[in-house]
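Structural overview for review
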Amino acid sequence: MSEPKPTVAVVQINGRADWNANRPVVERLIAEAADGGAGVVVLPENLLAMPSDPRELIAMAATDTPRAVRDLSAWAAQWGVWLVAGTLPFVPGARADNDRVAARTLVIDAKGQVVEHYDKIHLFDVVLPDGESYRESNTFVAGDRSVVVDTPAGRLGLATCFDLRFPELFTHLAAAGADWFCLPSAFTRPTGEAHWHVLLRARAIENSAWVVAPAQVGRHADGRETFGHSLVVDPWGRVLEDAGEQADCLRFAQLDYLWLGGLRERFPVRDLHRPDVFPTGN
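Values in this document were obtained by computation on a predicted structure and should not be read as measured data.

**Examining the packing of helix H1 (residues 19–35) against helix H2 (residues 56–79)**
One way to put it is that H1 packs onto H2 with a least axis distance of 10 Å and a crossing angle of 15 degrees. As the angle between them shows, H1 and H2 are arranged roughly parallel. The crossing of H1 and H2 is right-handed. On H2, the residues that touch Trp-19, Asn-20, Arg-23, Val-26, Glu-27, Ile-30, Ala-31 and Ala-34 of H1 are Asp-64, Arg-67, Ala-68, Asp-71, Leu-72, Trp-75 and Trp-79. Looking at the contact of H1 with H2, its residues break down into nine nonpolar, one polar and five charged.

**What to know about the packing of aromatic side chains**
How two aromatic rings sit relative to each other is given by the distance of their centres and the angle of their planes. The full count for this structure, using the stated rule, is nine aromatic pairs. Plain terms: the ring middles of Trp-19 and Trp-75 are 6.2 Å apart, the flat faces sit at 35 degrees to each other, and that makes the pair tilted. Separated by 56 residues along the polypeptide, Trp-19 in helix H1 and Trp-75 in helix H2 bring together distant segments of the chain. Look at Phe-124 and Tyr-134: their rings are 5.1 Å apart centre to centre, the planes differ by 40 degrees, and that puts the pair in the tilted class. You can see Phe-124 sitting in the loop between strand E5 (114–119) and strand E6 (125–127) and its partner Tyr-134 sitting in strand E7 (residues 133–135), a full 10 residues away along the chain. Grouping aromatic residues by their ring pairs yields a cluster made of Phe-124, Tyr-134, Phe-162 and Phe-166. Above the ring of Tyr-134, the side-chain terminus of Arg-224 is found at 4.1 Å from the ring centroid.

**Things to note about the sheet that holds strand E4 (residues 102–108)**
Pairing is mixed in the open sheet, where six strands are placed in the order E5-E4-E3-E2-E1-E16. Each edge of the sheet is formed by a strand with only one pairing partner; in this case those strands are E5 and strand E16 (249–254). For this sheet the average axis-to-axis angle between neighbouring strands, irrespective of direction, equals 25 degrees. By the bridge criterion, five bridges tie E4 to E5 in an arrangement that is antiparallel. Note that in E5 the partner of Ile-108 across the bridge is Val-114. The strands touched by H1 are strand E1 (7–12), strand E2 (40–43), strand E3 (82–90) and E16; relative to E16, the strand with the most contacts, the crossing angle is about 30 degrees. Across the sheet, H2 is in contact with E2, E3 and E4; its angle to E3 comes to roughly 170 degrees.

**With respect to helix H5 (residues 257–266)**
A turn of α-helix holds 3.6 residues, and therefore any two residues three or four places apart point the same way. Here H5 has its buried residues at Tyr-257, Leu-260, Gly-262 and Leu-263. Here the buried face of H5 lies against strand E9 (154–158), strand E10 (180–182) and strand E11 (210–213). If you check the start of H5, you find a side-chain oxygen 3.1 Å away from the backbone N of Leu-258, and it comes from Asp-256.

**Focus: the pairing of E11**
Side chains of E11 alternate between two faces, with Trp-210 and Val-212 and Val-211 and Ala-213 buried alike. Judged from the three bridges that link them, E10 and E11 form a sheet pairing that is parallel. Bridge pairing in E11 places Trp-180 opposite Trp-210. Assessed by its sense of winding, the connection that carries the chain from E10 through helix H4 (residues 189–207) to E11 is right-handed. As defined by bridge partners, E11 adjoins strand E14 (residues 231–233) across three bridges and the pair is classed as antiparallel. Each residue of the ladder has a partner; that of Ala-213, found in E14, is Leu-231.

**What to know about the side chain of Gln-216**
Relative to the helices and strands, Gln-216 is located in the loop between E11 and strand E12 (217–219). Within the structure, Gln-216 has its side chain in polar contact with the backbone nitrogen of Gly-15 (distance 2.7 Å).

**Digging into the sheet that holds E9**
Strand order across the open sheet formed by six strands is E8-E9-E10-E11-E14-E15, with mixed pairing between neighbours. Edge strands, defined here as strands with exactly one partner in the open sheet, are strand E8 (148–151) and strand E15 (239–242). Ignoring which end each strand starts from, the neighbouring axes of this sheet average 20 degrees apart. Here helix H3 (residues 167–175) sits on the sheet and contacts E8, E9 and E10; the angle it forms with E10, its principal contact strand, is near 135 degrees.

**Quick notes on H1**
Relative to the 24 Å expected for 17 residues at 1.5 Å per residue, H1 spans 24 Å between its end C-alpha atoms, a close match to the ideal helical length. Regarding H1, the residues found buried are Trp-19, Asn-22, Val-25, Val-26, Leu-29, Ile-30, Ala-31, Ala-33 and Ala-34. Tucked into the core, H1 has its buried residues touching E1, E2, H2, E3 and E16. Just downstream of H1, Gly-37 is the residue with a positive phi angle, here 95 degrees.

Definitions and limits used
Residues numbered from 1 in each chain as written. Predicted model: local features only at pLDDT ≥ 70, side-chain atom pairs only at ≥ 80, totals over all residues. Heavy atoms only, no water. Axes fitted to C-alpha atoms, helices over the stretch in contact; angles between N-to-C directions. Helix = DSSP H or I, 4+ residues; strand = E, 2+ residues; numbered from the N terminus. Parallel < 35°, antiparallel > 145°, perpendicular 65-115°, else oblique. Left-handed = near helix turned anticlockwise from the far one by under 90°. Contact = heavy atoms within 4.5 Å. Nonpolar A, V, L, I, M, F, W, Y, C, P; charged D, E, K, R; others polar. Phe/Tyr/Trp six-rings, centres within 6.5 Å; stacked < 30°, edge-to-face > 60°. Lys NZ or Arg CZ within 6 Å of the ring centre and 35° of its normal. Pairing = 2+ DSSP bridges. Buried < 20%, exposed > 50% of the residue type's maximum accessible area, 1.4 Å probe, protein only. Polar contact = N/O pair within 3.5 Å; in protein donor to acceptor, adjacent residues only side chain to side chain. Right-handed = clockwise from strand over helix to strand, strands pointing away. Expected span 1.5 Å × (residues − 1).

Right under this line is the structure:
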């Protein structure tokens, strides 16, 4: 890698109910990230909208999503940055029944071209200890493909929010050469308070990789609250940046590959995996 310390900008927003409201906030933060020297800007889950009813995203997939993709591509080209834009509702594959949508993260290069995408694999179908329930499978169809892509900040493995709880995905991404993971998220406040920091740090430590997690924060149109605390965690498990509960903000971090090379040489956890005993799968 020609640049040993590429800069990544992490965006945290209090998502509004539609793209018209989110658009100026996202545009401003991408511009500020570029001005701050970031080569890659990462954006949170439900970037398009946090509506009062998640099923509204199905109609938005046909109307607002194409507009948002055009906007994001134009901003990436205008400011010469890569974007990891997650997530937007997309009609998956050849589906045209408008029954459910994919929660899709786009990787957009500095020319404004979509070079890769990832559809969230693990859907949040749970009942929390306080009785609050979520059933993402009512709105979303699960993805079935893991994704690793080369970026100016290194080889990137993609995941989304609830994927964090499934370490086998990250083991597989690391086996495919991922040096950093990006995890666009909208963690609930109860689950975030309980598990966010410890799980992100664990995924970094287990795989000797950075974890970059842009998040939603605050109360949204449906009355529910997200945890915030967008993080950058280094491969030793140290929290380099934490956005706390600040709305509509940025954090910057450098990914030091010279340091990472030394760490992996001294502490070669990747090389000591036993795929003959524990296959990583496809």
